[in-house]
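The residues making up each chain are set out below.
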Amino acid sequence: MRKYFLLLSFFYFSMSLMASNILIPMDAESQKNHLKAYGITYWVLSKQQKVHWLLNYRGGSFLLPDGDAIRKECQIRGVSFEILSTAQSESILAGISSPSKNQDAVILEKAPKIAVYSPKGNHPWDDAVTMVLTYAEIPYVTIYDEEVLSDKLALYDWLHLHHEDFTGQYGKFYGSYKAAPWYIESKENSEILASKLGYSKVSEEKRDVALKIRNYVIGGGFMFAMCSATDSFDIALAAEGVDICEPMFDGDASEPNYQSKIDYKKTFAFTDFTLERNPTVYEFSTIDMTRIRQLSKESDYFSLMDFSAKWDPVPTMLCQNHTSLVKGFMGQTTAFNRKQLKSTVLVLGENKINSEARYIHGIKGKGFFTFYGGHDPEDYQHRVGDPKTELELHPTSPGYRLILNNVLFPAARKKKKKT
């Protein structure tokens, strides 16, 4: 009996020596909860441990150091995982390194500090990013205009822009909701805040917020924006020093012929767009394709681009998924007109039928930005007052995975760009 126990103890000891890594598979067949898998990866990074992100290997899997605490955390959060020996781990990494395979292993080194630019008092379900961060159990800090204007952005590695209107036109909701109590209250709160910060107009205050965010990116920050925060941000930059707001927004008339004064050189992503002058139209400019789209819900999908993992690891990281086809979803800004994208902007996801870009990325100064069209990847046509999305029902959402790819991107060890 004693020999039996000694043999059993030796067997378990040998197994513990052999099991050196935990693989979190991210393919469609093996992973039960893709979204929480990102949270596990972030949690490991927060413990000062490094992670390998295996680009294009089984849907963009994660290779973690082995440990009882990590195994237990995966079990608690419902994340599928596999135990690998040293030999198995080395075999996977050797295969990925082969020049014949469009794969790569990127080292994630440090949990990024995350900030969400959002009005105080907003609920997590008001925004897709805060919803998925909360669901994935990834911590974030909410900031708004006071923090941005007092140069607090430097404290964070990653910044998400809530569905904001940086032009000072209150989301162009005037036509449909000018008498709604929530619209009136939101407008009053914005005016009170602008006055408190020393501005006579909300549009001028938002312009300076946009400029601070621009400088944050140029200095090396990573900015992620969705829906109306994408085009309204660029419009605010292009219209710096130009009054494009009608009297119901800022109390005085807009500048005559303001379209001719728009400076496209100041924008991040868009160029040659025409602003929507009618204050009752729920649209900012010709950047967005929402009004001219001719797609049904059933046919509304966009495809992710295929990049070289070894030569272009950044866009490859941002496109990691267990499918190359993602179902579309609408928002105030749903999709971007490809004709009005700057040549320096990289299209990550597109609907070829409609010739529209859904997911784009670019470099500005030392930093990066990603714009993602639409409001909620699992709510096709989200409207004011609609109930929140329950992510427990969508734990493998490809659309939400794209958001979390961006969250982890700043953790990656930077490589010199090869192209």
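Peer 1: What is the right way to read the packing of helix 2 (residues 34-46) against helix 13 (residues 398-408) from this model?
Peer 2: Between two packed helices, both the angle of their axes relative to each other and the distance between the axes serve to describe the pair. Contact geometry for helix 2 and helix 13: axes closest at 9 Å, N-to-C directions at 10°. Considered as vectors, helix 2 and helix 13 are oriented roughly parallel to each other. Contact residues: His-34, Leu-35, Tyr-38, Thr-41, Tyr-42 and Leu-45 in helix 2; Tyr-400, Arg-401, Leu-404, Asn-405 and Leu-408 in helix 13. Of the residues assigned to the contact of helix 2 with helix 13, the class counts are 7 nonpolar, 3 polar and 1 charged.

Peer 1: Just to check I follow, could you spell out the confidence of the model for the chain for this structure?
Peer 2: Detailed conclusions should not be drawn from predicted coordinates in areas where pLDDT is low. Mean pLDDT over the chain works out to 92, with 93% of the residues at or above the 70 mark. Every residue in residues 2-18 scores below 50 in pLDDT, and together they form 4 contacts with partners more than four places removed in sequence or on other chains.

Peer 1: Just to check I follow, could you spell out the pattern of salt bridges for this structure?
Peer 2: Close approach of charged atoms allows side chains with opposite charge to pair. Taken as a whole and judged by the stated rule, the model has 23 salt bridges. A salt bridge links Arg-207 to Asp-208, with the shortest nitrogen-to-oxygen separation between them at 3.0 Å.

Peer 1: I tried to follow the environment of Thr-41 on my own but got confused; where do I start?
Peer 2: Among the secondary structure elements, Thr-41 is positioned in helix 2. Taking relative accessible area as the criterion, Thr-41 reaches 0% and is therefore assigned buried. The sequence separation of Thr-41 and Ile-70 amounts to 29 residues, and the corresponding C-alpha distance is 9.6 Å. Apart from residues lying up to four places away in sequence, Thr-41 is in contact with Val-51, Phe-62, Leu-64, Leu-108 and Leu-408.

Peer 1: How should I be thinking about unusual backbone geometry in this particular structure?
Peer 2: Although it is not a glycine, Tyr-170 sits at a positive phi angle of roughly 55°. Structurally, Tyr-170 is set in the loop between strand 8 (158-161) and helix 7 (174-177). Under the relative-accessibility criterion, Tyr-170 is labelled buried at 12%. Of note in this structure, Asn-257 is not a glycine but carries a positive phi near 55°. Tracing the chain through its elements places Asn-257 in the loop between helix 11 (247-250) and strand 10 (301-304). For Asn-257, a relative accessible area of 53% gives the class exposed.

Thresholds, definitions, all that
- Residues numbered from 1 in each chain as written.
- Predicted model: local features only at pLDDT ≥ 70, side-chain atom pairs only at ≥ 80, totals over all residues.
- Heavy atoms only, no water.
- Axes fitted to C-alpha atoms, helices over the stretch in contact; angles between N-to-C directions.
- Helix = DSSP H or I, 4+ residues; strand = E, 2+ residues; numbered from the N terminus.
- Parallel < 35°, antiparallel > 145°, perpendicular 65-115°, else oblique.
- Contact = heavy atoms within 4.5 Å.
- Nonpolar A, V, L, I, M, F, W, Y, C, P; charged D, E, K, R; others polar.
- pLDDT = per-residue confidence, 0-100.
- Salt bridge = Lys/Arg side-chain N within 4 Å of Asp/Glu carboxyl O.
- Buried < 20%, exposed > 50% of the residue type's maximum accessible area, 1.4 Å probe, protein only.

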